[in-house]
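# A structural walkthrough
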Amino acid sequence: MYSFDYHKPASLSDAAALLGKAEEGKLMAGGQTLIPTLKQRLARPTDLIDLGAIAELKGIKEEGGALVIGAMARHADVAASDVVKRMIPGLADLADNIGDAQVRNRGTIGGSIANSDPAADYPSAIVALNATVHTVKRTIAADAFFTGMFETALEEGEIITAIRFPRAEKAAYAKFRNPASRYAVVGAFVARTGGSVRVAITGAAPSVFRWTEAEAALSANWSAAAIDGLSVKADGLNADIHASADYRANLVKVMTKRAVLAAG
Amino acid sequence: MADTLAVGRGIPRLEAPAKLTGRAVYVDDIRRPGMLHAALLLAPHAHARIVSVDVSAALALPGVRCVLTGDDLPHRFGAFVKDETVLARGTVRYFGEPVAAVAADDLATARAAVDLIVATYEDRPSVMDPDAALAPGAPVLHADFATYERRRASPLPPNVCAETTIAEGDAEAAFAGCDVVVEGVFETQPQVHCYLEPCGAVAEVDDRGRVTIWSPCQSVFRVQATVAEALDLPMSRVRAIATMVGGAFGGKSDVTVQPAAALLAMRTGRPVKLVLSRNDDFLSMRTRHPARVRVRTGAMRDGTLVARTVDLTLDGGAYAEDSGAVLGFALLMARGPYRIPHVRCVGRAVYTNRLRAAGFRGYGNPQVTFAGEAQIDDIAARLGLDPVEIRLRNAMRTGDRWVGGQELASCGLTECLEAVRDAARAVRRPPPAPGRRRGTGFSAIAHICGILSTSAVLKVLEDGTLTLNTGAVDLGEGSDTVLAQICAEALQVPVDRVNFAVPDTDGSPYNWSTGGSRVTYMVGRAVTAAAADVREKLFAHAADMMECAAIDLELRPGGKVGIAGVPGREVGFRAISMRAHWAVGGPVIGTASVMFEGGFDPKRTEMTGDGIGRLGTYVFGAQAAEVEVDEATGEVRVLEVWSAHDVGRAINPLAVAGQIQGGVAQGLGYALMEDLVYDGERPANPSLADYKVPGAPDLPPIRPIIVEHPEPTGPFGAKGIGEPPVIGVAPAVRNAIAAATGVRLAVLPMTPERVLDALSAQEERSDDGTGD
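Here the residue numbers are simple positions, counted from 1 along each chain's written sequence. All chains are assigned letters beginning at A, and all ligands numbers beginning at 1, according to the order in which they are written. Totals for whole chains, interfaces and linings use all residues, but because this is a predicted model, local features are given only for residues with pLDDT of at least 70 and pairs of side-chain atoms are given and counted only at 80 or more. Only heavy atoms go into the side-chain values, all of them from the structure, while hydrogens and water stay out.

### A look at the overall build of chain A
Strands here are runs of E lasting at least two residues and helices are runs of H or I lasting at least four, both read from the DSSP assignment and numbered beginning at the N terminus. Secondary structure summary: chain A contains 12 helices and 14 strands in total. Taking 18 Å as the expected radius of gyration for a compact globule of 264 residues, we find that chain A reaches 18 Å, a close match to that expectation. Principal-axis analysis of the C-alpha atoms places the extent of chain A at approximately 55 × 45 × 30 Å. Considering only contacts within chain A whose residues lie at least 6 apart along the sequence, 58% involve residues at least 24 apart. Working definition of accessibility: Shrake-Rupley area with a 1.4 Å probe, residue cover restricted to the visible protein chains. When the accessible surface of chain A is summed, it comes to about 11100 Å², and 49% of that surface belongs to carbon and sulfur atoms. Counted as positive: Lys and Arg. Counted as negative: Asp and Glu, with His and the chain ends omitted from the count. Throughout, a charge is located at the NZ atom of Lys, the CZ atom of Arg, the CG atom of Asp or the CD atom of Glu. Taking the 29 positively charged and 28 negatively charged side chains of chain A as two groups, their mean positions are separated by 5 Å. For a compact globule the rule gives 2.2 Å times the number of residues to the power 0.38, and the radius of gyration it is set against comes from C-alpha atoms. Should any heavy atoms of two residues lie within 4.5 Å, those residues are counted as being in contact.

Structure follows, in structure tokens:
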């Protein structure tokens, strides 16, 4: 790790000011990707701005029939939240299976989606639940938020404040996890909200994507059997030391079916 | 069993409180006055000529005290082939090979200086597997191989660092008479030792120019010898001291970073600490040998095994290290623990541009046992026999001869097989969920404990308590505790009266290494012999003191010598030792030196090659695994493992169970997940974020079963347990997958994708009507 200046501002405006002043500043939420990156000396920021003391970014609540999760909510907070468990239990379950206990006690929902790791779990929930990402400047629809591998619609220095999830009738996540990192080799989040079905797949491609064929099949017949007749092409799917594209294509189908079964 | 004071008791580790409270001192905890910190520059090429290494900018960085390159360390070392230098000279031969070492006032400065070194390379074509290395016209890793000093100087083909053949009978002819001959090719992967504690060393030079090295290692004596060789120093100028060791498994058998730390200390005149990051440890240290094993086994219709041939190719990586011995040992084990009269095992270890391969818990045996035990199941399936029955029918028994002629003094294999069979078959579970298939698989294993020489010095202190000094390093397996128990038992004193000395080449008597499952058995023998020496000397004093004949004396519990049959007539060790120290005869010190005397029977056995000199006594075991296979993902979930081992006598049953559980865990990693994958010339997963070692949540219940057939030559009948539990896990799991699904895998690790591919291929075959 190279040396840097560490800041822990108490407000969003202070954070923005620090970021503006820094020669090469980095915002840190839970640090679960950033800190390993620094330890590997793959990044060399001059300033690290820790968002952990900003009260506006915290909290999990029900608001106008929707679930609102502050950007700095830790995975363990989401997993243990009575509000989340009551409103969208599949989301609490997803959070409870991210990484390991240490990661869940440090990592945050805002940090996870801002990073847009292709194998992260949360992006699938954001997209399948058609959530809205709130930032210091605006709101961004789920379908517009993830733009590619480690890329999002966020502008330079734009800080996520909260994520708003409409309540779903049925929602569940199933993942095939990498045994070492516990990232998703493939994860499928299925959700039925007001008669509309969304299926979001993470881990399989450079970025989270909606499996529209599965959405159509499940709209017509909400059951695991509805997936049986579908096929997934391996073209364009990720291939790495953990799994080939063909293997991931199979997992897309298998995990989607398991998510539907879990959602009931 | 007779009453014992210490032996046979599952007492907790002597060092457990220190480890559990964080007080145990590992090498990274050591601080010396004025200590510098060191870091290494690792090569970014698998095979390249070093054009130049410009260290001027690094040296100019404030706080940098010394920069070493290959030119500073010209002396080649190696246990079997002297092919390695501490830092690459002229050529780099694997991605991650150390090219330069820096010592600076702090670690951040040392690492910053490493970044300032400008090394230029001329890339050379690489050979990344044995096929490429053995191809005609392949790039040669060691152009000067013919000039290297070697343990055995027979000519070898290019890129081959060792060749060995072990044979008895006439296997080829015997196949013709067999009812069934099964042939298979099996492949295994590089498994990383992945000790919890990365390699490191602290070195310091005294005012006489002598260098002292503290390090986690398997043998302070090998560290001393190899550092002396690498630095061209007399051994008397090198002192090695063991720190607490956070696991080794063979990866700390030879030197790791001690020579570089030592030279940095000598050049700067200051203490130097060099501890590898996990990433640098992954890139620059060692793996288990990847292997390709072609096995052919012939049997009669009733399951009687008749002949086996094995052709083994080990990928040794860029430097020979222990490859010659690993090869020889693997071939010695390749017949399996069966009465097979005709056997021919041929093998070679090949240089490639990969991380050097080394001894790793099992020492070549897990590779050949995976192949051999998979094939036993394939034969059983072909003949319609029960897999345990075929093993029992052919199992070796006490009095049988191993390949090479050594007679088995004790062999509990049959009992081990029956024990795991009965335990596994007694389990009743509800049927598996739809889409999951379940099966149980078995394996039989043999191994050796013993190897080379060792010694012990046992001193009786003035107050009658004891200091035991053996030079044997406890790597975390509990040998300090076990040796103290042996000593306590032999002299009938409580274990807490025995002080176990830290291994130190200045004060400790020679001990070859903590390896080869040998410490309980070999060092235990030295301890019992040294204790017998002490007893004799104590008796001589006691006979004088009580005016009786030594022959009438006996040890009494609690550190006393008494006249047999006369209660109350006794003297304590304290009184005897005070007399010896201050009045008559001098201090009581017992010593013993032990060498395992084995060897080969050349009349019956063809044997050429490295590493098969005097070995040890044979140990046996059997393992079973029950698995559930997910048909949709290919994922294998191990439900339970049973592991039965004939340990002769369990000196500490708790420690034996711990060795079994740890070995099985490591075996499950080998079977299912661990693999250092190469992406072209570089390791693709040199970190724990991508290289999976099973942790507690990943493990099934592991059931140790201790079988005790006392070994006549062992201390209180004991023999080794360090390596055996890792050896048969992969084939047991493989055979369980076959029992569950019918697919017969031949490549490790058995990842979900490989299992699913095999299931799909099986389905296609049965669709075609070509399946069996």
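### Topic: the pattern of salt bridges
Residues and elements named next belong to chain B. Between Lys or Arg on one side and Asp or Glu on the other, a salt bridge is scored when a side-chain nitrogen of the former is within 4 Å of a carboxyl oxygen of the latter. Applying the stated criterion across every chain yields a total of 67 salt bridges over all chains. For Asp 179, the salt bridge goes to Arg 301, with nearest N and O atoms at 3.9 Å. One end of the pair, Asp 179, is in the loop between helix H5 (171-175) and strand S8 (180-188); the other, Arg 301, is in the loop between strand S13 (291-299) and strand S14 (305-317), and 122 residues separate them in sequence. To sort residues, take the accessible area from a 1.4 Å probe on protein chains only and compare it with the maximum for the residue type: under 20% means buried, over 50% means exposed, and anything in between is partly exposed. Looking at Asp 179, the relative accessible area reads 37%, which means it is partly exposed. Of the charged contacts, one joins Arg 344 and Glu 606 as a salt bridge, the two residues approaching to 2.9 Å between their closest N and O atoms.

### Structural notes on the interface of chain A and chain B
The partner chain B presents 21 residues to the 19 residues of chain A that form the contact. Note: buried area is the sum, over both parts, of the accessible area (probe 1.4 Å) each one loses when the two are combined. In this assembly, chain A packs against chain B so that about 1500 Å² is buried in total across both faces, 52% of it on carbon and sulfur atoms. Here chain A is connected to chain B by 2 salt bridges. Between Asp 630 of chain B and Arg 258 of chain A there is a salt bridge, with its nearest N and O atoms 2.9 Å apart. What qualifies as a polar contact is a pair of N or O atoms within 3.5 Å, subject to a donor-acceptor requirement within protein and to the restriction that residues adjacent in sequence count only when both atoms come from side chains. Linking chain A with chain B are 9 residue pairs in polar contact (both at pLDDT 80 or more), by the criterion used here. Only strand S11 (170-177) and helix H12 (245-263) of chain A provide two or more residues apiece to the side of chain A that touches chain B. The leading source of residues in the side of chain A that touches chain B is H12 of chain A, at 6 residues. Polarity classes work like this: nonpolar for Ala, Val, Leu, Ile, Met, Phe, Trp, Tyr, Cys and Pro, charged for Asp, Glu, Lys and Arg, and polar for all others, with Gly in that last group. For the side of chain A that touches chain B, a count of residues per class yields 10 nonpolar, 5 polar and 4 charged.

### Some remarks on the domain arrangement of chain A
Residues and elements named next belong to chain A. Domain segmentation is taken from an automatic or database assignment of domains. Under the domain assignment, chain A is made up of domain 1 (5-50) and domain 2 (58-263). Measuring from the centre of the C-alpha atoms in domain 1 to the corresponding centre in domain 2 gives 26 Å. The three residues of domain 1 that bury the most area against domain 2 are Leu 12, Ala 29 and Gln 32, which together make up 51% of that side's buried surface. Counting across the domain 1 and domain 2 interface gives 0 salt bridges. Summed over the shared surface of domain 1 and domain 2, the number is 1 residue pair in polar contact (both at pLDDT 80 or more). Looking at the side of domain 1 that touches domain 2 element by element, the count peaks at 3 residues for helix H1 (residues 12-21). Grouping the constituent residues of the side of domain 1 that touches domain 2 by class yields 5 nonpolar, 3 polar and no charged.

### Quick word on the pairing of strand S3 (residues 47-50) of chain A
Residues and elements named next belong to chain A. Here S3 shows a buried face lined by Asp 47 and Ile 49 and a second buried face lined by Leu 48 and Asp 50. Relative to S3, strand S1 (residues 5-7) runs parallel, the two sharing 3 bridges. Bridge assignment links Asp 5 to a residue of S3, and that residue is Asp 47. Pairing geometry for strand S2 (residues 25-28) and S3, over 4 bridges, is parallel. Bridging across to S3, Leu 27 finds its partner in Ile 49. Consider the strands pointing away from the viewer: the crossover is right-handed when the path from the first strand over the helix to the second runs clockwise. Taking the sense of rotation as the criterion, the β-α-β connection linking S2, helix H2 (residues 34-39) and S3 turns out right-handed. When DSSP locates at least two bridges between a pair of strands, those strands are taken to pair.

### Quick notes on helix H7 (residues 258-268) of chain B
The periodicity of an α-helix, 3.6 residues per turn, causes residues three or four places apart in sequence to face the same way. All names here are of chain B. Within H7, 9 of the 11 residues are buried, which leaves the element mostly enclosed by the surrounding structure. Three or more residues of H7 are buried, namely Gln 258, Pro 259, Ala 260, Ala 261, Ala 262, Leu 263, Leu 264, Ala 265 and Thr 268. Phi turns positive one or two residues past the end of H7, at Gly 269, with a value near 70 degrees.

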